[in-house]
Structure formats: structure tokens, C-alpha cells
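What follows is each chain in one-letter form.
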Amino acid sequence: MDSFADRAHRALLEQIRRGIEDRTRRAALYAGTEVGCELAERVYASLPAGQSLLEKAKRIKREAIDQLQGNLERFIEAARSAGIEVHLVPDPATAVNLVIRLVREANARCIAKTKSMTTEEIELRAHLEREGFDVVETDLGERIIQLADQRPSHLVAPAIHMTVQEVTDLFSRELGRRLPPDPEQITSAARESLREEFLRADVGITGANFAIADSGAIVLVTNEGNARLVTALPRMTIAVFGVEKIVGNTADVFTLMQALIMSGAGRRMTSYVSMIKGGSRLAQNDQMQKQHYVILDNGRMQMREDPDFREALYCVRCGACNDICPTFRILGGHVFGHIYTGPMAVPWTAYTTSFDIAGRFSELCISCGLCRKACPEDIDLPLLIAKVKERYAERHGRRLINRFLVRYETFIRIASASSPLSNFVLRRRIIRQLLERLVEIDSRRPFPEFTRRTFTRWFESHTSVGSRKVAYFVDTFADMCDPEIGKSVIQILEANDCEVVLPRQKGSGMPAFLYGDMKATVKAARFNVHHLVEAVRKGCEIVSSEPTATYCLRELYPRLLQSGDAAVVAQHSHDFFEYLLNLQVKGEMKMSFKRNVIEPAIYYPPCHTRSAYEESPTLRLLRSAGLDLETVRYNTCCGIAGTFGFKKGAEGYDVSMAIGETLFDRMKAMQRSVVITESSVCKMQIEHGTSLRVIHPAIVLWQLYQKSG
Amino acid sequence: MKSAGDSSGETERFREHVLAAGTRFLAVSDLESIKSYLARLVEETQSKLVVCDKRVSKVISPAAPSIPFHIVTQTSVSRSEFLRLLKIADIGISLADLAVADTGTLVFATDDETDRLVTALPRIHVAIVSANRLVRSLDEAGGFVGRSLAENRAIVISLISASSRTSDIGDIVIVGVHGPKELHILLLDASFSMEA
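Quantities reported herein were computed from a predicted structural model and do not represent experimental measurements. (Residues numbered from 1 in each chain as written. Chains lettered and ligands numbered in written order. Predicted model: local features only at pLDDT ≥ 70, side-chain atom pairs only at ≥ 80, totals over all residues. Heavy atoms only, no water.)

1. Quick notes on a nonpolar patch on the surface
And step 1. Among the surface-exposed residues, Leu421, Phe424 and Val425 of chain A lie close enough to one another that they form a single nonpolar patch of about 280 Å² accessible area.
And step 2. Summarising the element assignment, Phe424 of chain A is placed in helix α22 (residues 421-427). (Patch = residues over 30% accessible without salt bridge, like charges linked within 9 Å, V, L, I, M, F, W, Y side chains within 5 Å. Areas by Shrake-Rupley, 256 points an atom, 1.4 Å probe, with all protein chains shown as cover. Salt bridge = Lys/Arg side-chain N within 4 Å of Asp/Glu carboxyl O. Helix = DSSP H or I, 4+ residues; strand = E, 2+ residues; numbered from the N terminus.)

2. Comments concerning the packing of aromatic side chains
Remark: the centre distance and the inter-plane angle together describe each pair of aromatic rings, the angle taken between the planes.
Residue and element names in this part refer to chain A.
And step 1. Scanning all chains against the criterion turns up 20 aromatic pairs over all chains.
And step 2. Consider the rings of Phe75 and Tyr293, whose centres lie 5.4 Å apart with planes at 15°: the pair is stacked. Placement of Phe75 in helix α4 (residues 68-81) and of Tyr293 in strand β10 (residues 290-296) is noted, with a sequence separation of 218 residues between them. Here Phe75 and Tyr293 have matching classes, each one buried.
And step 3. Their ring planes at 85° and their centres at 6.0 Å tell us that Phe309 and Phe355 sit as a pair that is edge-to-face. Note that Phe309 is positioned in the loop between α13 (300-305) and α14 (320-324) and Phe355 in helix α17 (residues 355-362), a separation of 46 residues in sequence. Per residue, the accessibility class of Phe309 equals that of Phe355, and both read buried.
And step 4. One aromatic cluster is present, built from ring pairs that chain together Phe455, Trp458, Phe459 and Tyr472.
And step 5. For the cation-ring pair, Arg445 lies above Phe646, with the distance from its terminal atom to the ring centre recorded as 5.8 Å. (Phe/Tyr/Trp six-rings, centres within 6.5 Å; stacked < 30°, edge-to-face > 60°. Buried < 20%, exposed > 50% of the residue type's maximum accessible area, 1.4 Å probe, protein only. Lys NZ or Arg CZ within 6 Å of the ring centre and 35° of its normal.)

3. Regarding the confidence of the model for chain B
Residues and elements named next belong to chain B.
And step 1. Taken over all residues, the pLDDT of chain B has a mean of 89, while the share at 70 or more is 90%.
And step 2. Counting contacts from residues 1-5, a segment whose pLDDT is below 50, to residues more than four positions away or on other chains yields eight contacts.
And step 3. In the model output, the complex is listed with pTM 0.94 alongside ipTM 0.95. (pLDDT = per-residue confidence, 0-100. Contact = heavy atoms within 4.5 Å.)

4. Structural notes on the packing of helix α28 (residues 518-537) of chain A against helix α29 (residues 547-561) of chain A
Residues and elements named next belong to chain A.
And step 1. Relative orientation of the contacting elements α28 and α29 amounts to 110°, with a least axis distance of 10 Å. When the interaxial angle is binned, α28 and α29 end up roughly perpendicular. Judged by the twist between their axes, the crossing of α28 over α29 is left-handed. Where α28 approaches α29, its residues Met518, Thr521, Val522, Ala524, Ala525, Arg526, Asn528, Val529 and Leu532 are matched on the opposing element by Leu553, Leu556, Tyr557, Leu560 and Leu561. (Axes fitted to C-alpha atoms, helices over the stretch in contact; angles between N-to-C directions. Parallel < 35°, antiparallel > 145°, perpendicular 65-115°, else oblique. Left-handed = near helix turned anticlockwise from the far one by under 90°.)

5. Some words on the pattern of salt bridges
Residues and elements named next belong to chain A.
And step 1. Tallied over the full model, the rule gives 72 salt bridges over all chains.
And step 2. One salt bridge in this structure joins Asp654 and Arg444, with 2.9 Å as the shortest N-O distance. Residue Asp654 is located in helix α34 (residues 653-668), and its partner Arg444 is located in the loop between α23 (429-439) and α24 (455-460); the two are separated by 210 residues in the primary sequence.
And step 3. By relative accessible area, which is 25% here, Asp654 ends up partly exposed.

6. Concerning the interface of chain A and chain B
And step 1. Taken residue by residue, the interface counts 58 residues in chain A and 51 residues in chain B.
And step 2. Summing both sides of the interface, chain A and chain B together bury roughly 4,600 Å²; the carbon and sulfur share of this comes to 58%.
And step 3. Its largest share of buried area at the contact with chain B, chain A owes to Arg191, Arg228 and Lys277 of chain A, together 15% of the area lost on that side.
And step 4. Where chain A touches chain B, the interface holds two salt bridges.
And step 5. Lys181 of chain B is paired through a salt bridge with Glu184 of chain A; the nearest N and O atoms lie 3.4 Å apart.
And step 6. Taken together, the connections running from chain A to chain B amount to 29 residue pairs in polar contact (both at pLDDT 80 or more).
And step 7. Looking at the side of chain A that touches chain B, the elements with two or more residues in it are α2 (23-45), α8 (140-148), α9 (164-175), α10 (183-200), α11 (226-232), α12 (250-265) and β9 (272-277) of chain A.
And step 8. Looking at the side of chain A that touches chain B, the element that brings in the most residues is α10 of chain A, giving nine residues.
And step 9. Its residues assigned to classes, the side of chain A that touches chain B comprises 27 nonpolar, 19 polar and 12 charged.
And step 10. Pairing analysis gives six bridges linking β9 of chain A to strand β9 (residues 155-160) of chain B, with the strands arranged antiparallel. (Buried area = accessible area lost by both parts, 1.4 Å probe. Polar contact = N/O pair within 3.5 Å; in protein donor to acceptor, adjacent residues only side chain to side chain. Nonpolar A, V, L, I, M, F, W, Y, C, P; charged D, E, K, R; others polar. Pairing = 2+ DSSP bridges.)

In C-alpha cells form, the structure reads like this:
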């Protein structure tokens, strides 16, 4: 890694260290983001047509970006017919200068502003203030950070990182009197003082959540009602928004706004949605309000032309990716972001500001995939982020530790082949300290046990008979660390009339993806697809007992390879328990088990299971087999993220343990002594953080079979 | 505008969503019942000043002298005086164009900011909507909104689903930020026409 990137990396590590230590800040951030996730989950669960709404929302944005050129022209024409002045600007400087000119020409002094990430992108307020204008942020969250002289730390909740006491102090200072730390009273005081600002504003500046090509109208979504006052009272309004906000028609907007509101605010509807076209008659003097639109490009059209990044334009700024992201939960948008925050900020910063800045904080993404699950537009953020990581690495090189971990499989093979000696050696304190010093693997992170008696070796002398043909993708851990998993899988399948084959295969390659090494990921993908597709052609369905591997087979490989073979493999790949569940539903699975032979346990769904299924097939199947399983109230990653949690200190281990803390506490409070989870790495993390026993569900199910005869 | 057959199911759904949002709801039959509701509300909240939007003004105006509290209509004072009173009014009464059963949403369309401010400035917003303006879904409301936006005049459409709120301070939901703290919806029987 070159010195530029190295310095940036060290600065990030320092931010991470401080962030992890700041427990007050962490508590505020965690509470806010967790509530955001839970509200969104609840509102979608309460809406039977939620899925079809999201399907529509995806289609609409894709079409809108496809037709952007035509829609832009129609929008400008419609807006101009409505008497609105429309300005297209290529970059932030032009946008800022234009707004300054408009505000000067209007003889304005006081400006009231709504929350708008586009105005943050061009740093409008700072420039206006420098020119001597009095700018007041009216969104309460934005007002708070304006008073604190900070940037927003979240896409939709700008002050989510602040405590009630901090907000109290800010407003007390601003209003010149001691307020009690009571949100009700602070809001009341803010309402009064901001009401004055609304009434004296000469100009109102807003963004736009959406813009409608048919009519030239803009759409503003709020809960507070500030957008209404900012647009109703002043004699001039200026709406600044990105060109990608334009969609075709009102019906489209009605769908998108619901997706935005449910994912972003966790409610069915926000208190207010305003659709504004043309300046209406002003209350103060019977004249028509003057309206301007400032439509910003700033890299968006370029993003549209880049097939790797185009889908970032589907973003509706709901902030759901911020709420669910495990590293964002701990560190917040001031660390995981630049102006935009969280996962979406990686591609957005890359194109609107700089690839280097985006690349620097992109390493905070641990590829758990949950952001994609939370995204109402199903943007493949993990892939976009990996591509930014890749380009950044091409420019500045890659850290030694990451290059080492990309080749994880080689080292595991060596450890396996040289076991049990390797296990003995790797448990020695001095060896772990040496490894930490030389390759930056944290000495506190226990290694799994390696075995020479690999699953592959066992399978070589194993014969399989049955009428259903199944190919098993065993992946690295089950092969070389815990072959009981694979043996259980095979025996269960054979008890259900399956004949199992083990095609030639390598590890899934996920760690390479995590570090943005697309070449290595593609290499693993090609190898596995090549051998697996042969098995499919011979009539096999593919099963995998490692959720991350299943994710690779079904999602990542086809996206990376874009080949017919990869598509075939994806179509025929199943999570092991999903495969069994399909048999069970058809009544073809051996399901008579003795009750109560397995003790009550906690089931923990790995990230890649959660992003693939609404309800985990493992949980469904084991419950229908009579197991008493409880789930934890927890909706983000356990923190280990594959090899990430092995890296030294702030590089990985400390972050992973900070993320996992909440999970560990809640699991320990559940008073059960066993945890069941499919992921090999989640198992390591939970064992390390809770000292509870963690077992793979395949092993549990095989025990059930054996105990039931 | 709609068939009588499915209205009671929709009315019930509308009412449920409205109440779930913390909004007050009452089905009323005529102008008298609106006036008595207002009288009770004024007393409960110790309000001194009530303002009306244009359409409500037209209906209320003739009755205004007989109402015991100070009610200002847009026909009774000059425009600038009305704005002055708007800024200090306790209650704003407006007539909605549409109501959406699925979400408890009211739709207002206007080309006059004074009317919009009646629904935005006072602490309490009383919205009257006729039962024959109730539609089932947001998509249907979208049709009305699309047609309104296509009209050849400046226009502002407001979708109001609850009173003003925020959770920006410590994730605690506080009601009544920049908009009204209280929203009251009076669903007016279809047989009574507000179009005076």
C-alpha cells in the first residue's frame, strides 16, 4: 500500500479506536439505528402488499434511470410552462454560485432551509454563510448539527449520534436560557424560535425527494412540517436536487414515496407529503411566489454510463442501509462516510466527490450483505463497495494482512495437513504474538481446530446410494476443521434417499471479495462453477451447509461471471436446510423424531441466511422436528465477518467485538446454554464472546435422526 | 363519486388508521354538529382564535356571528389582516379534497398559500372531509393528484396523515414540531354538501 493510502488508513484506525472507546456516542448511535431497523421491519410486516410494492418500486427506478434523458427534457419543459425557472448545473461550484446570485437578486438576507443531502453535497450553507447570508436549518435534526457545527452523521437522522444532554446544551446556549434535558420542552422551545425564522425568511431552500417529469412538480416528504412552512411563506423558493430524482409520473412517485417512507421512517406514511408545482399565491401580498429549480449533475450522468455503478442511482435516500450496517452502528456516519453516510456513501462519494475519499472508508464494509437486504431498491451495495475497494487497491496497493487473508485457503490447508502439530503450535502464546507482530492477526482471536482427517478424505472411501442426486459443496471450514458437519449432511441426505457426490471444488472465495480482490474472487468462482455445472448436467442439485458459500453460488458468482454456466449453478444451488424443507413440504422427508431429545437452544441466523430468506429454512425445519428454539432480538451482523474479525486491533478484532457486544449480552441473558447456527465463523464469534456451546444444525439434526432410530 | 355499498368498510378502515396515528376522529352529519364540535374544542383547549380556509369560510361565514368564539374567515377581513391573525390563531379549519382509507391520509389541493397555512400554522388543525370523498387506496388518490398537477395553474398538493412530529432528540417521538400538534378529522355525512 502506498504512503498516501497508508496515512489515510492510519487516520481511519485512529477514528475507529476513538469511536469504539466512546461508549456514550455508541449508545446513542446503536439505539437510534436499531430502532430505525425495527420500525421498518414492523411496518413492512403489517402490510400484506409490501412485497409487491417493493417490486414496483424497483421497476420504477430502473425505468426512470433508463429514461432519464427523455424525462429530464420533459421535466424542464413542464416546469418552465408552470413559470418555474430551471437551471442545470454540472458541479457544486456552479450550483453554489448560482444560488448566491439568485438570493442576491432577490435582495434576501434571511434564508430558511429544509434538510437536503444534495445541499450538503455542494456544502451550500457554509458558502451562503460566508457570503453573509443568515441561513437557518429548520429540520430539527439539521438545526441541532448546525448549532453544533457538525456534518450530518446519518442520511435521514442527522443528529442520531447525539445524546439528549448534548442537544439540551446546544439549545440552551442558542436560546440564552437553561433548558431542562427534556425532549418535549426542547422541541417546544425550538418550535417557538424556529417559527420566528420561518416568518421572516425571504428565501426558502429545499431539496426534493422526487421530481415528476409529467408535471414539473417536486415532492417533499417530512414528519415535522418544516418543508411546508419553508415553501409557503417566503417570496422565493429554490429547490436543489440531483438529476436522478426525476421520475416519469405521479403514479410512480406514489409508489416510490411509500417505499422511502416505510424503509426510511418506519411508518406507513409520514405526517406530510407536499407536491409543489409553480409558485402559488403568497399569503402576505397576493403575488405569485417565484420558484427556481437547480438540477445538479456532479457525476450522476457519468455514474449512469458506468455499468458497474449505474444501480447506485436507484437510491431513494431512505437511510435503511445506515441503520442495519454493523460497523455504522458502532462508528456512525462521521467515520463511515464523508458527506453521504453509510454503505450507499461508498459509491456516491466515489462519483460525486472522489474515489480516494470513498476508498478510504470503504474498508469499513465487512461484506455482510445486510444493506442490500434492507434496501427497498435492492441495490447490490456489497458489490458496488467491493468494486470501489478494487479500484482503490489498483491505485494504491493492498495491505499485507489483506493480501495474506485473500489466500486464507492455502494456510488452512497447510494447518490441516500438519495437524495435530499445527494446532499445538498455533495455541502457543508466543506463536500467536509472533503472528500478530508479523502478519497482524490478533492474538486474542482463537483459531479453530484443524484436522488431517478432512471431510474430503472421509468421503473418498464412502459410497453413496439413493434415487435423488445431490452434489455437496462442503467449503473450507467443514472440510478441514469440523468434518462432523459434512458427515452429518451426507448421512441425513442418504437417510432421505439421496445419492451424494463431491465435485472438485475450492473454498468459496468470499474473503477475497471482502478485500475487494475481484480477480481472486473470479478465479475461485470460475473453478467452482466449472466443476459444479458438470454435476448439475448429470442431474444433481447442489447443496451447501455454509450460508456464505450458498450466497456465493446463488448470488455472487452469477453476478461476477455473467455466464450461462454460473446461472445454471445458481438455479440449482440450495441451502442444505432449504433443500430438506422442500422435501418435507412434498411429504418426502423422514420426519418422525423423538421429542425433547435435544435441549432447548438459541437459533442464530447468519447474515447470508438472513439476506436470502425472510424466515430461515433451518429454523422452520428444526422447529417442525420438535426443537424448542428461540431467536435473539438482534438484527445486524455478529461482527466477525469471516476473516475480518481475525485482524489485529482496530483493523478488525476490536471492531468485531464491539459489534458483537450487544449480541453476546442478549444471548447470555436468554438462559439457554446452546446456540445453533449454520455459519462456521458466527460459531467462532459466539463461542468467543459468550462461552456458550455452538453447534451446526446439521449435526443437531443428525443427532435427532440417531436418537429417534 | 363512489358506490354506497363499500363505504362503511372503508369508513371503518379510515377511522382505524386515523386513530392509530393519534388523530382525533368524529363522524358528523351537518354544519350544526361541526359547530358544536368546535365549541367544545375551543373550550377544552381554551382557544381564543379560529381561522378558516376559503371553502370553509364560505359555509361558516353566514353562521359566524352566532358562534360564541372568535372565528375569522377569509371573507370577513383583508388578506394581510388574515395573515396576521393566522400567525396567532389557535385553531385552523380546512376542507380536504380527498381522504384515503388505507392510510388515514387527507389530500388538500390549493393554489393559494393562505389556505395551506391554515393547515400548517395553528397549533390545532381541524380538517373536514365529506364521506363521498373517501377513496380506498393511495393509488386512487394518486390519480386525483396526477390530474390536479396536470392543470394549467400553480398548485400545491398536501398529503396529511398525522400531526407534526420528530424523533430527532434521543429517538423519543415528540408531537407538534413545526406543524400542528393536534389533528382532528371530521368525516361529514355524504348527504350534506359543503359546496355552498
